[in-house]
Amino acid sequence: MPGKMVEFPSNGHTTKGYLATPAAGKGPGVLVIQEWWGLVGHIRSVCDRFAAAGLSALAPDLYHGKTASEPDEAGKLFMALNIAQAEKDLAGAAKYLADHSSTSKLGAVGFCMGGQLALFAGCINASVGAVVDFYGIHPNVKPDYARLSGAVLGLFAEKDTFVTPQTARDVEAAIKKAGKPVEIHIYPGVDHAFFNDERADVYNKPAAEDAWRRTLDLFRKNLK
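Residues numbered from 1 in each chain as written. Predicted model: local features only at pLDDT ≥ 70, side-chain atom pairs only at ≥ 80, totals over all residues. Heavy atoms only, no water.

1. Examining the layout of surface pockets
Here comes step 1: Approximately 260 Å³ is the volume attributed to the largest pocket.
Here comes step 2: What lines the largest pocket is a set of 13 residues, among which Trp36, Cys112, Phe162, His192 and Arg199 lie closest to the centre.
Here comes step 3: Of the residues that constitute the lining of the largest pocket, the class distribution is 9 nonpolar, 1 polar and 3 charged.
Here comes step 4: As for the second largest pocket, its lining consists of Ala151, Val152, Leu153, Pro181, Val182, Glu183, His185, Arg214, Asp217, Leu218, Lys221 and Asn222.
Here comes step 5: Secondary-structure elements contributing two or more residues to the lining of the second largest pocket are β7 (151-157), β8 (182-187) and α6 (205-222).
Here comes step 6: With 5 residues, the single largest contributor to the lining of the second largest pocket is α6. (1 Å grid on protein atoms, 1.4 Å probe; cavity = no way out; pocket = protein on both sides within 12 Å on 5 of 7 lines; lining within 4 Å. Points joined across faces, edges and corners; volume = space filled by probe spheres on them. Nonpolar A, V, L, I, M, F, W, Y, C, P; charged D, E, K, R; others polar. Helix = DSSP H or I, 4+ residues; strand = E, 2+ residues; numbered from the N terminus.)

Structure representation (structure tokens):
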């Protein structure tokens, strides 16, 4: 059930993204936000998995055509991300996805850099009713948790040196302090990017499968 590349308006410009929809045509809409590598095959396959599970998924291309295959290159793209432009791209993506969603509330899920941006999306767009943050990190993205309009699920890794368990607990505490619902899971014995099945060095199937189940459960419960 392969998706397709689409274009959507973004504050007077256009941004591309990968859209995958279920066989029924529409399902609850989910924004899928890239890792620091860009809009690569893994992120597109995650969109396809959502579509197979009955949801509509859109991954906006926040690097506007650029991708990386080496950490140094990815790090440069990561740090060069224009946060103001990303905010506009995410808002445009949410508006476009709404036309392909069977629910008024959307979900947002992201990985690494995208996890932090998923939290950001949940704070800047009232239509986002649930957020899943997979080991999110970006030093220049600072979500205002008081503006969250839905539940948050955080999925982290015990051995992660980028986003440590203490960082995960700090995120949990900050969201709770803002009076918003949050649930955090720290998977024992696994590393950053444990969900990425294209990275044999860190992929952990049991943790990834459990995280996927929790992600679908959150969206099916909260996207109405």
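2. Some thoughts on the pattern of salt bridges
Between side chains of opposite charge, a pair can form when the charged atoms approach closely.
Here comes step 1: What the rule picks out here adds up to 8 salt bridges.
Here comes step 2: Of the charged contacts in the structure, one is a salt bridge between Glu172 and Lys176, with a shortest N-O distance of 3.6 Å. Taken together, the positions of Glu172 and Lys176, both in helix α5 (residues 165-177) and 4 residues apart, correspond to about one turn of that helix.
Here comes step 3: A relative accessible area of 14% places Glu172 in the buried class.
Here comes step 4: In this structure, Lys205 engages Glu209 in a salt bridge whose closest nitrogen and oxygen atoms are separated by 4.0 Å. Of this pair, Lys205 and Glu209 both sit in helix α6, 4 residues apart, roughly one helical turn. (Salt bridge = Lys/Arg side-chain N within 4 Å of Asp/Glu carboxyl O. Buried < 20%, exposed > 50% of the residue type's maximum accessible area, 1.4 Å probe, protein only.)

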